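# Understanding the architecture of this molecule
Each chain, letter by letter, is given below.
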Amino acid sequence: MRIGEVARRAGVSVRALRYYEEQGLLPAERGPGGQRHYPGSAVDRVGLIRQLFAAGLASRSVREVLPSVYSGSVPPGLVEHLESERARISERIADLTAARDRLDGVIANTRNPPPECTHPRD
């Protein structure tokens, strides 16, 4: 499959695919004219790469995880690394939840100011 086809099917830009290849995440063969050719599995692989990026993993971590996903074997230290990433993400979620809750309080006070509020409403 050519790069434009993979990009269209995966819902990403051609530039993203080039980046994934540059980072060692998405292998491509080169044709005689230098054009990239991807296997049929590339679209699913791009989906997984995007999920791992969305989870907050860096490209280095994604590069470490991908072989395990496809081979089923896990190198030493990978599970611990992923558990550490998961803890970092959980902490970030907790921080964002606290920020959202504070914002909800500001919104509630703005809509229904307490009686002691002296600021005029617009």
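Predicted, not measured: the structure shown is a model, and the values here were computed from it. Starting from 1, residues in each chain are numbered consecutively following that chain's sequence as written. Under the rules for a predicted model, residues below a pLDDT of 70 receive no local features and side-chain atom pairs below 80 are neither given nor counted, while totals for whole chains, interfaces and linings still include all residues. Calculation of side-chain values draws on the structure's entire complement of heavy atoms; hydrogens and water are dropped beforehand.

Once that is clear, we can look at the packing of aromatic side chains. Working definition: a ring pair exists when centres of Phe, Tyr or Trp rings (six-membered ring for Trp) sit within 6.5 Å. Plane angles under 30 degrees give stacked, over 60 give edge-to-face, the rest tilted. Throughout the structure, instances matching the rule amount to 2 aromatic pairs. Each ring, one from Tyr20 and one from Phe53, has its centre 5.9 Å from the other, and the planes form 35°; the classification is tilted. Of this pair, Tyr20 sits in helix H2 (residues 14-22) while Phe53 sits in helix H3 (residues 42-54), placing them 33 residues apart in sequence. One aromatic cluster in this structure is built from Tyr19, Tyr20 and Phe53. Here a helix means four or more residues in a row that DSSP labels H or I, a strand means two or more in a row labelled E, and each is numbered from the N terminus.

As a further point, take the UniProt feature "domain: HTH merR-type" (unreviewed entry) in the chain. Per the UniProt annotation, the sites labelled "domain: HTH merR-type" (unreviewed entry) are residues 1-68. This span, residues 1-68, is 59% helix and 6% strand, and a straight line between its end C-alpha atoms measures 24 Å. UniProt positions are given in the numbering used here, feature names are shortened, and annotations may be inferred rather than shown by experiment.

Our next topic: the nonpolar core. One broad rule of soluble globular proteins: the nonpolar side chains tend to lie buried together. Nine residue types can take part in a nonpolar core, namely buried Ala, Val, Leu, Ile, Met, Phe, Trp, Tyr and Cys, and a core is a set of them joined through side-chain atoms within 4.5 Å. Burial classes: relative accessible area under 20% of the type maximum marks a residue as buried, over 50% as exposed, and values in between as partly exposed (1.4 Å probe, protein chains only). One finds Leu17, Tyr20 and Val46 to be the most contacted residues of the largest nonpolar core, which totals 21 residues. Within the residue set of this core, elements represented by two or more residues are helix H1 (3-10), H2, H3 and helix H4 (59-71). Ranked by residue count, the leading element in this core is H3, at 5 residues. The contact definition used throughout considers only heavy atoms, calling two residues in contact when any of these lie within 4.5 Å. The contacts of Leu17, once residues within four sequence positions are left out, are Ile3, Val6, Ala7, Val12, Leu26, Tyr38 and Val46.

Within H1 the residues assigned to the buried category are Ile3, Val6, Ala7 and Ala10. Down the axis of H1, the smallest arc covering the buried residues is 100°, so these residues share one side. Facing away from the buried side of H1 by more than 90 degrees, the exposed set consists of Arg8 and Arg9. After H1 finishes, the residue Gly11 shows a positive phi value of roughly 75°. Arc definition: directions from the helix axis to the C-beta atoms.

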